[in-house]
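# Structure at a glance
This is what each chain is made of:
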Amino acid sequence: MKIPSAIWTLLIGIVLTLTSLWYGQNHGLLPVAASDEASLVDGLFNTMMTVSTGIFLIVECVLIYSVVKYRRRAGDNEDGPPIEGNIPLEILWTAIPAIIVIGISVYSFDVYNNMGGFDPHSAHAAPMMEDAMSMPGTAMAATLDDAPATQRSPIQISQLDPGSEAVVNPNELIINVAGLQYAWLFTYPDTGVTTGELHLPIGKTVEINLTANDVIHAFWIPEFRLKQDAIPGRETSLRFTPRIPGDYQLICAELCGPYHGVMKSQVVVETQEAFDQWMQEQLVASKDVPNQAVAMNSQEMTADEFLAPYTKDMGIHSEILHQIK
Ligand SMILES: [Cu+2]
């Protein structure tokens, strides 16, 4: 019995569709999805992966089939039949990619919108940045003629911000991030703490206000599926909710100088308790130094007592310190 070619086409179509759908969901190319927003990006990526796998398989199958079926046989010295032009086919192979591209664009705009891309920073814009923020699409635009944030140190940024936070959601954690050659500085305006490590509590929405002190950098945490330019003189913003505890890396994704490759910072997603404890430690560490210096100057503290917290960090026992004095 000879199977009609329409049945073959149907069967091959079903196999290719199922294979593409399976691979689109099981490619294993992405790191763990550690934020609530990551699934939006993964959905888009998986859809594109499904479509491209289908196209790849169709093209390769037709290619291999044609190479085998229409190969030159021994003793055959003729040219193939002169085939030229096929209007319906050309319309079809123009229409299908056009539909795919339009579909993916609409889908990706929707994902971008759901992640707050078109309305960054709507809850509160820092006053000095309001002009920049009222322009549409500022998250992506890169103009360098605004008030120079290059003049502001991270400490100054933290001092500026509390006054500007007229609308603050208590369930939201605001962090000011400054990129500079070649490090990231994180300032928590609630406490005034500035660190080189980004700590985030699980399940709490974070708003990152991003700027750069020298050249353009880009804030990229692959596990959160987030990437945003950090631009001198302009504040860009990102909003997301970390979900899976763990250690991740914040990587600079914009070539910013000879040491760009090492511009990475640790990101720690931890429980609220662990976060609070870490914050306390940062507060103590930042306040210890001046208080102790004052205490020692006014003779309330011996040199041993003054040095104790530092020697403890270095693993030096206070008795040894006493002996070598
Ligand atoms: Cu950089």
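Residues numbered from 1 in each chain as written. Predicted model: local features only at pLDDT ≥ 70, side-chain atom pairs only at ≥ 80, totals over all residues. Heavy atoms only, no water.

Secondary structure summary: the protein chain contains eight helices and ten strands in total. A fraction of 67% describes how many contacts in the protein chain between residues 6 or more apart in sequence connect residues 24 or more apart. Counting every atom, the protein chain has about 19700 Å² of accessible surface; 63% of that belongs to carbon and sulfur. (Helix = DSSP H or I, 4+ residues; strand = E, 2+ residues; numbered from the N terminus. Contact = heavy atoms within 4.5 Å. Areas by Shrake-Rupley, 256 points an atom, 1.4 Å probe, with all protein chains shown as cover.)

Looking now at a nonpolar patch on the surface. Together, Met 1, Ile 3, Ile 7, Trp 8, Leu 11 and Ile 12 give the surface a local cluster of nonpolar side chains, amounting to about 670 Å² of exposed area. Positionally, Ile 12 belongs in helix H1 (residues 5–26). (Patch = residues over 30% accessible without salt bridge, like charges linked within 9 Å, V, L, I, M, F, W, Y side chains within 5 Å. Salt bridge = Lys/Arg side-chain N within 4 Å of Asp/Glu carboxyl O.)

All right, on to the environment of Ser 35 then. Tracing the chain through its elements places Ser 35 in the loop between H1 and helix H2 (38–69). Residues Ser 35 and Arg 225, 190 residues apart in the sequence, show an inter-C-alpha distance of 7.8 Å. Leave out the neighbours within four places in its chain, and Ser 35 touches Glu 223, Phe 224, Thr 241, Pro 242 and Arg 243.

Take the coordination of the copper ion next. At 2.1 to 2.5 Å from the copper ion lie its protein donor atoms, namely His 217 (ND1), Cys 252 (SG), Cys 256 (SG) and Met 263 (SD). In this structure, the copper ion is coordinated by four donor atoms arranged in tetrahedral fashion, with angles at the metal of 93 to 122°. Every donor residue of the copper ion comes from the same chain, spaced as H-x34-C-x3-C-x6-M. Of the two residues, Cys 252 is situated in strand E9 (residues 246–252) and Met 263 in the loop between E9 and strand E10 (264–270); the sequence distance between them amounts to eleven residues. Note on Cys 252: relative accessible area 5%, which makes it buried. Its relative accessible area of 0% is what places Met 263 among the buried residues. (Donors = N, O, S within 2.8 Å, 3.2 Å for Na, K, Ca; no water. Tetrahedral: all angles 85-135°; square planar, octahedral: opposite > 155°, others 65-115°. Buried < 20%, exposed > 50% of the residue type's maximum accessible area, 1.4 Å probe, protein only.)

A word on unusual backbone geometry. Glycine aside, the phi torsion of most residues is negative, and most peptide linkages are trans. Cis geometry is adopted by the peptide bond preceding Tyr 182, which originates at Gln 181 and carries an omega value of 0°. Mapped onto the fold, Tyr 182 is located in the loop between strand E1 (172–180) and strand E2 (183–188). Positive phi is not limited to glycine here, since Arg 225 has a value of about 60°.

One open sheet holds the five strands; their spatial order is E4-E10-E9-E6-E7, and the pairing between them is mixed. Of all the strands in the sheet, just strand E4 (198–201) and strand E7 (226–230) have a single pairing partner and so form its edges. Put simply, the sheet's adjacent strands are angled 25° from each other on average, direction ignored. Here E4 pairs with E10 via four bridges, running parallel. Across the sheet, the residue bridging to His 199 is Val 268, located in E10. (Pairing = 2+ DSSP bridges. Axes fitted to C-alpha atoms, helices over the stretch in contact; angles between N-to-C directions.)

Turning our eyes to something else, we now look at the pairing of E9. Inspection of the sheet shows strand E6 (residues 217–221) paired to E9 by two bridges, in the antiparallel sense. Looking across to E9, one finds that Trp 220 is bridged to Ile 251. Across six bridges, E9 lies against E10 in antiparallel orientation. Across the sheet, residue Gly 246 finds its bridge partner in E10, namely Val 269.

A few words on the packing of aromatic side chains. Across all of its chains, the model carries seven aromatic pairs by this definition. Consider the rings of Tyr 182 and Tyr 259, whose centres lie 5.6 Å apart with planes at 80°: the pair is edge-to-face. Placement of the pair is Tyr 182 in the loop between E1 and E2 and Tyr 259 in the loop between E9 and E10, with a sequence separation of 77 residues. The exposure class of Tyr 182 is partly exposed, given its relative accessible area of 23%. Assessed through its relative accessible area of 53%, Tyr 259 is described here as exposed. Consider the rings of Trp 184 and Phe 219, whose centres lie 6.0 Å apart with planes at 85°: the pair is edge-to-face. Residue Trp 184 is located in strand E2, and its partner Phe 219 is located in strand E6; the two are separated by 35 residues in the primary sequence. Owing to a relative accessible area of 1%, Trp 184 belongs among the buried residues under this scheme. Within the aromatic cluster, the residues linked to one another by ring pairs are Tyr 188, Phe 275 and Trp 278. (Phe/Tyr/Trp six-rings, centres within 6.5 Å; stacked < 30°, edge-to-face > 60°.)

Right, let's talk about the packing of H2 against helix H3 (residues 87–114) for a bit. Two elements in contact, H2 and H3, have axes separated by 9 Å at closest approach and are oriented at 165°. On the basis of the axis angle, H2 is roughly antiparallel to H3. At the point where H2 passes H3, the crossing takes the left-handed sense. Contact residues: Leu 40, Val 41, Gly 43, Leu 44, Thr 47, Met 48, Val 51 and Ile 55 in H2; Ile 100, Ile 104, Tyr 107, Ser 108, Val 111 and Asn 114 in H3. Taken together, the residues of the contact of H2 with H3 break down into ten nonpolar, four polar and no charged. (Parallel < 35°, antiparallel > 145°, perpendicular 65-115°, else oblique. Left-handed = near helix turned anticlockwise from the far one by under 90°. Nonpolar A, V, L, I, M, F, W, Y, C, P; charged D, E, K, R; others polar.)

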